[in-house]
Amino acid sequence: METFIYSGMESGTVTTTRSSIFKPVSNYQEILNEFENCYVPDDGKPQGDKLFWLASESGDGIILVVNECIMSHSFMDDADLEGMTNFMKSNGNSETAIEFMSKHVEELYAADFIEFLALPGQTITIQITDLEAGNTEYEMTT
């Protein structure tokens, strides 16, 4: 599978996005693995080369940490939805991934992944840690 998701942050910037605990969709591991395989890690990032890691996983739900705040992808500059869809189909991406990315042709945030993985009807606290710009916290309802 070819990669097409990149960091949208400046090189060397340490930014993470962390969710509070939430109940995920049943196939969340498959979705995380698929998007992890589509991500190009920035070698200059001190937090490592993984996009996602589970800070907690229990019967109550998961806490997801995304080693980014904003990402870019190969089709963002021209907002080429058809090109992206055709590429993803030939790349072996699932219909689930294609549907998600079609909604994020122009912007792609870590919180978008969290919202996508969460079952509906939950309020999730999103904490963004940015060592240069400061920290942010807000709530999102799925």
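Predicted model, so just to flag it, every value in this text is computed and none were measured.

Chemist: Go over the pairing of strand β2 (residues 15-19) with me, naming the residues and quoting the values.
Modeler: The buried count for β2 comes to four of five residues, which makes it a mostly enclosed element. Sheet topology note: the β2/strand β7 (residues 123-130) ladder contains five bridges and is antiparallel. From the neighbouring strand, S19 faces β7, where its bridge partner is I126.

Chemist: Please provide a residue-by-residue account of the nonpolar core, values included.
Modeler: Ranked by internal contacts, the top residues of the largest apolar core, which has 38 residues, are I5, F35 and M101. Residue contributions to this core peak at five residues, all from helix α4 (residues 110-117). Sequence-distant contacts of I5, defined by excluding residues within four places in its chain, comprise F35, C38, Y39, V40, M71, S72, H73, M101, L108 and F113.

Chemist: So what's going on with the side chain of H104? Residues and values would help.
Modeler: If you trace the backbone, H104 turns up in the loop between α3 (95-102) and β6 (108-109). For H104, a relative accessible area of 13% puts it in the buried group. Non-local contacts of H104, meaning those with residues more than four positions away in its chain, are made with H73 and D112.

Chemist: A description of the sheet that holds strand β1 (residues 5-7) should follow, citing residues and the corresponding values.
Modeler: Across the sheet, which stays open at both edges, the three strands sit in the order β1-β5-β6 with antiparallel pairing between neighbours. Looking at strand neighbours, the two that pair on one side only are β1 and β6, the edges of this open sheet. Both β1 and strand β5 (residues 70-73) contribute to a ladder of three bridges, which runs antiparallel. Of the residues in β5, the one forming a bridge with Y6 is S72.

Chemist: How would you summarise the environment of T136 if you had to cite specific residues and measurements?
Modeler: As for its position among the elements, T136 is in strand β8 (residues 136-141). You can call T136 partly exposed: its relative accessible area is 42%. For the pair T136 and I126, spaced ten residues apart in sequence, the C-alpha separation works out to 8.1 Å. T136 has contacts with I126, Q127 and I128, leaving out every residue within four places of it along the chain.

Chemist: Now, about the sheet that holds β8: what can you tell me, with residues and values included?
Modeler: If you trace the five strands from one edge of the open sheet to the other, you get β3-β4-β2-β7-β8, paired in antiparallel fashion. The open sheet terminates on both sides in strands that have one partner only, identified here as β3 (52-58) and β8. Neighbour-to-neighbour, the strand axes of this sheet turn through a mean angle of 20°, independent of strand direction. Of the pairings in the sheet, the one linking β7 to β8 comprises six bridges and is antiparallel in character. Bridged to Q127 within β8 is E137. Those strands touched by helix α1 (residues 28-37) are β3 and β4 (61-66), and its axis lies near 170° from that of β3. Sheet strands in contact with α4 are β2, β3, β4, β7 and β8, and its direction is about 30° off that of β8.

Chemist: Lay out the packing of α1 against α3 in plain terms, naming residues and giving numbers.
Modeler: Packing of α1 against α3 leaves a shortest axis separation of 10 Å and a crossing angle of 65°. Taken together, the axis directions place α1 and α3 in an arrangement best described as roughly perpendicular. α1 and α3 meet at a crossing whose hand is right-handed. Counted together, I31, E34 and F35 of α1 and T96, A97, F100 and M101 of α3 form the full contact between these two elements.

Parameters and conventions
Residues numbered from 1 in each chain as written. Predicted model: local features only at pLDDT ≥ 70, side-chain atom pairs only at ≥ 80, totals over all residues. Heavy atoms only, no water. Buried < 20%, exposed > 50% of the residue type's maximum accessible area, 1.4 Å probe, protein only. Helix = DSSP H or I, 4+ residues; strand = E, 2+ residues; numbered from the N terminus. Pairing = 2+ DSSP bridges. Core = buried A, V, L, I, M, F, W, Y, C linked by side-chain atoms within 4.5 Å. Contact = heavy atoms within 4.5 Å. Axes fitted to C-alpha atoms, helices over the stretch in contact; angles between N-to-C directions. Parallel < 35°, antiparallel > 145°, perpendicular 65-115°, else oblique. Left-handed = near helix turned anticlockwise from the far one by under 90°.

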